[in-house]
Every structure is written in C-alpha cells, then in structure tokens.
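Topology and contacts: notes
Here's the letter readout for the chains.
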Amino acid sequence: MSPLLAALGLLVLAGAVLAVSVPDPRLSILGLAVSLLVSPLLADPFPAPLPLAARLLGAILAVWLPWLVLRDAERATASTPFGWPAEALFAATAAVVGYEAHGLGLAPRGPAAATAAGLALAVLAVAPLVSGRDTFRLGIGLALLVDAATLLRAALDGTPGPLEQLITSLLFVALMGGLAALASAARGAPAVDAFRVEAHRARDHAGTDAASASPSTRS
Amino acid sequence: MTPLPLIAVPLALAAFGLLVGTRRRLATAIGIVGLMVTVALGIAAAPGSSFEVGGSVLALTPFGRLFLVLGAASGLGLSLIGLAVGGEDDPGAMRPGSLPVVTLVAVGGLAVALTAQDPLVAFPAALGAGAGGLLASFRATPSAAGVEAARRELRVAGVAAILVLPAVAWLAGPSTPGVAPSAGLGLAYLAVATGLALRSGVFPFHAWAARLAAAAPRLALPLLLAWLPVGLLLVGLDWERGSVASLWASFEAERQLAIAVGATSLMLGALGTWLQDDLEQIVAYSVVQDAGFGLLALAAFDLSGWEPARTWLLVFVVVKSAFAGWSVALRHAFGTGRVADLRGWLRASPLLGVALVAIALATVGWPGLPVFEARWALVRLALDDPFRSIVFLGGLASLAYYGRLVAIGLARPEPETGRGAPWQLRLPALRPSSAEETRVAVGAGPGRFVPAGARRLAAATTEAWRLNRAPAAAALVLALALTGLAVAAGGFDVGPAAGELPIPSSSPAAASAGPQPSSPTASPGGPAVGPSFVPLPLPTP
C-alpha cells in the first residue's frame, strides 16, 4: 500500500470518527465533509480531474444542505455512546480486517486502503444507524454507510468511470438533501425534534433554561 | 432522438420546481407541465437510441421507454387527482416538494438507471432516485409519525446501498479470471436480494411499508412503495441475468430463501390486507403482497421467466397507482377512509366501482391474459408442487379483499353516508363573474380590462371545475385503472418490450441458459439494445 493512500485512508477515518463522536453538530458536519471529500481519492489509479471534480462538488453540496439547517444550532446532539477513543479503536480494528480481507476471494482491481477504509466506515456507521434516535445522527450514519459502499466498490472493481462518479455524487446530494428536508420538516412537527437533544447535554450549555430541555431544538 | 432529453428535461424541471418550492402553485404547475413534456419526450424517443458519457453507454430500450412513459403518465394522473380532490391530497400541499416535482426527480433518476448499461451506474442511480423520492413522504403538516416514517425510508435507502453496491462491484469483473467461491456468489446474490426485498417492503420488512402508508401523503404511496422499488428491482433483474443467473445451482440455498420470502409475502399479504380497515393500509398491504412476485422473479433463474417478470412489474406499478388514486377519490367522496363506514359507496359512485373492478381484473387477470400467465409463470418457475399451487392460490386471494370492498360498496348505505353522486356532471350557472374574479381566473394583472365574454367563460370554467371535482377525480381513476388493464392485457406492446433480453446471445451466461424468446434488437445504424453486462468468467456448474 502506498504511503499516500494510507495517509488518505487515515484522513477518511479521522473525519468519520470526528463525525460520529463530537456532540457539536457543526464539528460533526466538518468531519463528515473531510471524509466525503477525501474518499474519492482512495482509488488506484486516481480519478480523472473532471469526474473527481464532480465528486468533490457533490460532496460539498451534500454537506452544505444539512449545514443550512444546522448552522444556527446551538446545542449538542447525541453523539456516540462509546466516546471517540472507542470509536477510533473500532475503526482501526475494522480497517485491519478490511486490509486483510481485501478482494474477498477474487482478484481486486482497487487498492487495499479503500477496503480498509470502507469497512471501517461501515463499522462507524452502525452506532448512529442503530442507536441514533435523532435525524441528524441518522443522516451522519447513512452518509458514512453510503461512503463505505462507494469505497468498497472502488476497492473491488477499481476506479469508477466518469458517469458513475457523477451519479454517485448525485446520490450523496439526494441523500443529504433528503436529510436536510427531513430535519427541516421535523422542526415544524409537534413533539418531534430535528436534532434530538439529550437533556443532560442541553443543560450543560450556558444560557439554556428549562424550556431548552424540551425536545425541540428551535422554537 | 437520444435518451438524453428524457433524462435531462425531467431532472432540470425538477430542480427548478424544487427551487421555487415555497411558491406552491408555481412548483405544482412546473411539475405537471414537466410530466406532460416527459410523456411526450418518451413517446417521441426512439427505442435503441443511445449516447455515451465518459465511456459509459446509456441506451433506451423499448421496455425502459414504456416504463418511463407510464411512470410519468401515472404521476401526472395522480397529481391531477390530487388537484381535483384538494385538501390534504393536493399535490402542492406536500412539503418540501410537490408530488409532480418529486415524480420528475424519480422519473429522471430511473431514466438513468434503466438506460445505463453498467450496473455500477444503474444501481446508484436507482438508489438516488429512491432517496429523492423521500421528498414525497412529507405531508403538509409535519407529524411525529411522518418524520419517523421518513427516517425509516432514509435508513432503508442506506442499508440497501451498503448491501447492493459492494456485492455488485465484487462480481463486476475481477482483473484476473478466477473461480469465485460459491459461498461468495451466494452471499453477493443474497445481499442484493435482501437490499431489494428491503426496498420492496415484502414480508418480513413490511412494517416499513405500513408505517409509511400511515404517515406519507396518500397520493405519494405508489411512488414510494411501487415505482421506486420496482425501478431498483428491474436493475437488479438486469444485473442478475448478466452476472449470476447461469450459476444459480451453486447457491441454491440462497435462492430458496428468496423464494420463501416471496411466497410468504404472497400468502400473508392477502391476509394482512383483509385485516385492515383503513383504505391506505389496504393499498400498502396489497403492495406488500404483490411485491412477493418480484422476489419470485429474482429467484426464477430461467430465461423464460424474463418476460413474465417484467410484464408483471409493469402491470403492478400502474395498477397500484390506480388503486391509490381510487382510495383517495373514495375518501374524498365519502369523507372517510374507514372501510366499515363506506357502506354503499359503489351505489353512490359507480364510476369508482367500475374502476375497482378494472383494478382487480388487471391485478389478477384470467387464464389467457398476459398478466395471469405472467403470475403463473413466476410461481411455476420458482416452486414445485404442491407449494406451487398453494402459493398461486395465495396470490389469487387478493380477489377476496377486492370482493370485500365491492360487497361493502353494494351494501345498503347508512343514512348519513355519502356526499351525493360524484359521477354526475353538473353544469355551472352562466353568470358573469366580478372583474377581480376574472382577473384572477385568467391571470391578468390588476386594472387590466377583460372582455365580458372572457369573464363569462372564466366564471363558467371555475364553477364547472368546482362543481365537478369528484367526477373528474373518478374519471381520472378510471383512466388509470383502464390503462392498467390495457397493460395487463398486453397493450402498448408490453410483451415484445418485456421479452427483450438483457444479455447478448453470444455470452456464456445466455448460451447456458437455454433457448431465448427473443434477441436484442438493434436500431438502424444504432447499437444493440439491451444491457451488455459482462458475465463472470466462471465455470457453469
């Protein structure tokens, strides 16, 4: 594995661990952005400039849409119950397994680093998908899961073609656009929270009053 | 004409419609015009035409064209039904996207999926269309149940992606020919089948469909439960025929599991539908039941099952659109969706009664009708006796709940039930409207002079629409139901279009699969039509 691909893989994992671990939704989106922006580079050979630009633009748009809804959120959301060291350990273990299992019995066309990162992202996505009760965390989990799918795909069948890169970027935009719409709708729904705030975390934040412990992030 | 306009126009108009989403009427108008244009483009598009993007070919097959045209037309019909009934079912009342606009998103996405020759392009496109369809799952007034249903929809899309994409990539073609372990082949097949089952909402994944039916806009149900999952299923069938169909003997256990899921859905779906007392739940469970045939199609590794599978899936989506439209029109006419409160509905609205009979006939058919033969072929290819007969009879059990609805419709109505006679056309009184009313009706600016004749016409048109909304909705439902019946009877050249093969006849997989009912067609001067998936260089068992 080339050092560059290894470094890129680590960057993808670092972004994903940040996305699932931090309670601040803005930092979480930043982590997701890093992960989505770097993952198209985990391919051998590197994607052509135009398809790569499509993926990067798609990634930016994909994180920008939930950002529009989230940017004024002042409170923490329910992050992973395990904490970032545990998540990092889970990701590292999955990456090692993925590296060893590269190809799954067939001769792969892509780099082992993509399999390692893909499996690690899939593991990191499990907690928000299974235990995440709020829309935002579910969206983070979904984005990581689909990113894992694209990484595994690149590892198994090589660098995607230009049209596939374009469609993949549109898939991310559709998913995260759906998430943003869902979060926006959830804010307007009675007894629903867009970003379910855990009471103890909300109370930790300065300036919050008793009303802030209610499920709604914004009135 | 290449398929490019059929992809680009719906997507561009959908983007425009989403951007003006806060202006509900404008967004709805853009969506409806966009669907009309899409239908026209689909009819004008030449099957066999293709174009290339970065080395990937997008080719329009006759079946793909028919599916997209019928999809846009059904979306248009449902949107017009929504306009006719108004209220919560007004297509513009959905948030954040109106039904016609989201239907355009779905048609554009599925156009990419059904024209792409590479499954690694087709699957993400179909999944993306499904994620875009999420925008149709919000009612105008957000509710906790609605948000929860949309969360589930998102979750299903993500899980389907992680199951399907790596499995397809794994079998897409190793760089050095090797022998795939049969367990791995079975695992890949199982992953794809599970992803498709999740999206289709078959048993045991039906809870998602039921909750969605309770929370999503009623007119969006065909899009969410039928058109988008079936688009993914069609891509899955294409992939299966090109990749693993000839090797099914090496993963017979996985195949049997898919058959078990499909058969269980067929058997229990009818029972579940029978137990429901709400029109939308009846529609949802009927989808769950009939989606079982889709799983059977996925497990019928025989080339003779290709045409029945695609015929059935086309009938399925059109008929479920008509059924959902019927439930909305009936709810509007009688002010309730509880079956128990709908006694005598058929006496009050025979047009909807005819539509329901057409829906039932198109769903089940009779011996000799293409839809009946398609259902029988799918069961026959997947199962042996005695299970074959039992499951086929389970499929026919849908007649029971259609019969129940008809029986309730023929019963003596409660005195307070019904609003009148929705099928009767009422003529408006020809009175001149006020200047303000006319200006609004004809779209003229303030202070603009409008001739008296135009004022009368505008007033009469507005009044006629107001008085005849219910018959208009019933007529649209009938049109959808008759379209479904026409497709079920083999109209629109469904048979030849559905029988078109995805695998070139020279490929090992096709050669090993036996005689072929038809061969890929070629347009004059154009490339061969039909996906040219490269089969695995694996030994045939």
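In this report, we go over the structure that sits alongside the text. (Residues numbered from 1 in each chain as written. Chains lettered and ligands numbered in written order. Predicted model: local features only at pLDDT ≥ 70, side-chain atom pairs only at ≥ 80, totals over all residues. Heavy atoms only, no water.)

What about the overall build of chain B?
Each helix and strand counted, chain B has 22 helices and two strands in total. When the 541 residues of chain B are sorted by exposure, 61% land in the buried category. For chain B, contacts bridging at least 24 residues in sequence account for 80% of all contacts bridging at least 6. (Helix = DSSP H or I, 4+ residues; strand = E, 2+ residues; numbered from the N terminus. Buried < 20%, exposed > 50% of the residue type's maximum accessible area, 1.4 Å probe, protein only. Contact = heavy atoms within 4.5 Å.)

Section: the packing of aromatic side chains
All names here are of chain B. Following the criterion strictly, the structure yields ten aromatic pairs over all chains and no others. Ring plane angle 65° and centroid distance 5.1 Å describe the contact between F67 and W227, whose orientation is recorded as edge-to-face. Of this pair, F67 sits in helix α3 (residues 62-85) while W227 sits in helix α9 (residues 221-243), placing them 160 residues apart in sequence. Of the two residues examined, F67 and W227, each falls in the buried class. Centroid distance W326 to W345: 5.3 Å. Interplanar angle 75°. Geometry classified as edge-to-face. On the criterion of sequence distance, the pair formed by W326 in helix α12 (residues 306-334) and W345 in helix α13 (residues 345-348) is long-range, its members being 19 residues apart. Residue W326 is classed as buried on the basis of its relative accessible area of 1%. By relative accessible area, W345 is classed as buried at 1%. Clustering of aromatic rings is evident, with ring pairs tying together F323, W326, W345, Y401 and Y402. (Phe/Tyr/Trp six-rings, centres within 6.5 Å; stacked < 30°, edge-to-face > 60°.)

Observations regarding the nonpolar core
All names here are of chain B. Ranked by size, the top nonpolar core spans 235 residues in total, and within it W326 and W345 carry the most contacts. Per-element accounting of this core gives the leading share, 19 residues, to α12. When neighbours within four sequence positions are excluded, W345 is seen to be in contact with W326, L330, F334, L352, G353, L356, L405, I408 and G409. (Core = buried A, V, L, I, M, F, W, Y, C linked by side-chain atoms within 4.5 Å.)

Focus on α12(B)
Residue and element names in this part refer to chain B. Under the 1.5 Å per step criterion, the end-to-end length of α12 is 42 Å for 29 residues, consistent within 8% with the ideal 42 Å. Counting buried residues along α12, 27 of its 29 residues qualify, which places the element largely inside the surrounding structure. After α12 finishes, the residue G335 shows a positive phi value of roughly 70°. (Expected span 1.5 Å × (residues − 1).)

So, the pairing of strand β1 (residues 50-53) of chain B
A regular strand places its side chains on the two faces of the sheet in alternate fashion. Residue and element names in this part refer to chain B. In the sheet, β1 pairs with strand β2 (residues 56-59) via four bridges, with the strands oriented antiparallel. Each residue of the ladder has a partner; that of E52, found in β2, is V57. Count of turn residues in the β1/β2 antiparallel hairpin: two residues, of which G54 carries a positive phi of about 55°. (Pairing = 2+ DSSP bridges.)

A few points about the side chain of A:S35
All names here are of chain A. Position of S35 among the secondary structure elements: in helix α2 (residues 25-38). A distance of 3.3 Å separates a polar side-chain atom of S35 from the backbone oxygen of V12. Beyond its immediate stretch of four places on either side in the chain, S35 contacts V12, G15, A16, L121, L144 and D147. (Polar contact = N/O pair within 3.5 Å; in protein donor to acceptor, adjacent residues only side chain to side chain.)

Describing unusual backbone geometry
Each neighbour pair has its own omega, and for A:D44 with A:P45 the value is 5°, a cis peptide bond. Considering the arrangement of structural elements, one finds A:P45 in the loop between α2 and α3 (49-70). Geometrically, the link from B:F203 to B:P204 is a cis peptide bond, its omega value of 5° lying close to zero. The residue B:P204 is located in the loop between α7 (182-200) and α8 (206-215) in this model. Backbone geometry at B:F492 places phi at a positive 60°, although glycine is not the residue there.

Describing the packing of helix α14 (residues 350-364) of chain B against helix α15 (residues 370-382) of chain B
Residue and element names in this part refer to chain B. Taken N-terminus to C-terminus, the directions of α14 and α15 make an angle of 45°; their axes are 6 Å apart at the nearest point. For the element pair α14 / α15, the angle class is oblique. Residues L361, A362, T363 and V364 of α14 form the contact with α15, whose own contacting residues are V371, F372 and R375. Here the residues of the contact of α14 with α15 sort into five nonpolar, one polar and one charged. (Axes fitted to C-alpha atoms, helices over the stretch in contact; angles between N-to-C directions. Parallel < 35°, antiparallel > 145°, perpendicular 65-115°, else oblique. Nonpolar A, V, L, I, M, F, W, Y, C, P; charged D, E, K, R; others polar.)

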